[in-house]
Amino acid sequence: MGSLFEELEAREAATRARVEELEAELAAMSSKLELAREGLGRLRIARETVAEVLAEMTPEMPAATVDARDSPPGERVVSAYAGAERQVIGVLTVPKWQPGMGADVLPGVYRDIVEVVADAPGPVRAKQIVPRIGLAAEVGKIEGTRSKLKRLVERGWLDEDAPGLFTPARRRTAVTPNSL
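Now for a quick tour of the structure.

Procedures and definitions
- Residues numbered from 1 in each chain as written.
- Predicted model: local features only at pLDDT ≥ 70, side-chain atom pairs only at ≥ 80, totals over all residues.
- Heavy atoms only, no water.
- Helix = DSSP H or I, 4+ residues; strand = E, 2+ residues; numbered from the N terminus.
- Buried < 20%, exposed > 50% of the residue type's maximum accessible area, 1.4 Å probe, protein only.
- Contact = heavy atoms within 4.5 Å.
- Salt bridge = Lys/Arg side-chain N within 4 Å of Asp/Glu carboxyl O.
- Expected span 1.5 Å × (residues − 1).
- Arc of directions from axis to C-beta.
- Patch = residues over 30% accessible without salt bridge, like charges linked within 9 Å, V, L, I, M, F, W, Y side chains within 5 Å.
- Areas by Shrake-Rupley, 256 points an atom, 1.4 Å probe, with all protein chains shown as cover.
- Pairing = 2+ DSSP bridges.
- Core = buried A, V, L, I, M, F, W, Y, C linked by side-chain atoms within 4.5 Å.

1. Describing the overall build of the protein
Secondary structure assignment for the protein yields four helices and four strands. Listing the helices and strands of the protein from first to last along the sequence gives α-β-β-α-α-α-β-β. Counting all 180 residues of the protein, 22% fall into the buried class. Taking contacts inside the protein between residues at least 6 apart in sequence as the whole, the part at least 24 apart equals 46%.

2. Considering the pattern of salt bridges
Under the counting rule described, the total for this entry stands at seven salt bridges. Note that Glu 7 and Arg 11 form a salt bridge whose closest N and O atoms lie 3.0 Å from each other. Within this pair, Glu 7 and its partner Arg 11 are both found in helix α1 (residues 2–56), separated by four residues, close to a single helical turn. Looking at Glu 7, the relative accessible area reads 40%, which means it is partly exposed. Where Glu 143 meets Arg 146, a salt bridge forms, and the shortest distance between an N and an O atom there is 2.5 Å.

3. Notes on the environment of Val 117
Mapped onto the fold, Val 117 is located in helix α2 (residues 108–119). Taking the C-alpha atoms as reference points, Val 117 and Ala 169, 52 residues apart in sequence, are found 9.9 Å from one another. Discounting chain neighbours no more than four positions away, the residues touching Val 117 are Val 124, Ile 129, Leu 149, Leu 158, Phe 166, Thr 167 and Pro 168.

4. Some details on helix α4 (residues 139–154)
End to end, α4 covers 22 Å across 16 residues, agreeing with the expected 22 Å (1.5 Å per residue, within 8%). Every buried residue belonging to α4 is among Ile 142, Thr 145, Leu 149 and Leu 152, and all of these are buried. Looking straight down α4, one finds that the buried residues subtend no more than 80° of arc, so they occupy a single side. The exposed set on the far side of α4, more than 90 degrees from its buried face, consists of Val 139, Gly 140 and Glu 154.

5. Regarding a nonpolar patch on the surface
Taken together, Leu 4, Phe 5 and Leu 8 make up a surface patch of nonpolar side chains, about 320 Å² in accessible area. Looking at the element boundaries, Phe 5 is found in helix α1. Among the residues examined, Phe 5 registers a relative accessible area of 53% and is labelled exposed.

6. Some thoughts on the pairing of strand β4 (residues 165–168)
Pairing between strand β3 (residues 158–162) and β4: four bridges, direction antiparallel. Bridging from a neighbouring strand, Glu 160 pairs with Phe 166 of β4. Counting the residues in the hairpin turn of β3 and β4 gives two residues, including Gly 164, whose phi is positive at 85°.

7. Structural notes on the nonpolar core
Among the nonpolar cores identified, the biggest contains 22 residues, and Leu 106, Ile 113, Ile 129, Leu 149, Leu 152 and Trp 157 are the most heavily contacted of them. Those elements that place two or more of their residues in this core are α2, α3 (126–132) and α4. No other element matches α2, which puts five residues into this core. Other than its neighbours up to four places away in sequence, Leu 106 contacts Val 94, Pro 95, Arg 111, Val 114, Leu 152 and Trp 157.

Written as C-alpha cells, this is what we have:
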C-alpha cells in the first residue's frame, strides 16, 4: 500500500502547488483590477467635469480670434477653432483651413509636413517626407505620416493630385512663412 500513499502525496503536492499558483495569479489580477477601477473613476470624474464646463458655456460666447505673428499690428485672423461646435467633445488637432490661416495654427508635426510639401519642387510621397521631418524611414512612420497627409488633404491644407502624391493646396495663397 505504500505506493498508493506515495501517489496520493504526489497528487496532493501537485494540487497544492497549483493552488498556490492560482492564488498568486488572483493576487496579481486583483491588483490589475484595482488599477483599472481607479482609471475608470478618473475617467468618470473627467467626463462629469467636462459635461459641467460645457453646460456652463453659452452659445453667445464670442468666437476667439488670435493675432497672427506675421500679420501687421491690429490685423485679426480667424482662430483655428472659431465656429467649432461647443457640444463636440474632443480636440480638433488639425483645423479646417480658412482664409487668413497660416501653418502656425497646426501642431508641430503637421506644420513640419506642410512646410516640407511647400518647399518641395513637385509632388511628394510620404516616404520622401518622413526623413525630412526627422523620423526613421520605417513602415510604421511612413504609414503614420501618410495618415497625417490624408488628414491635411481632408482639412484643406494640402492637395493629393494622384494617389500618394501630395502638393500644397491650390486654393490657398500663402502656404507657410517659408513659401512667402
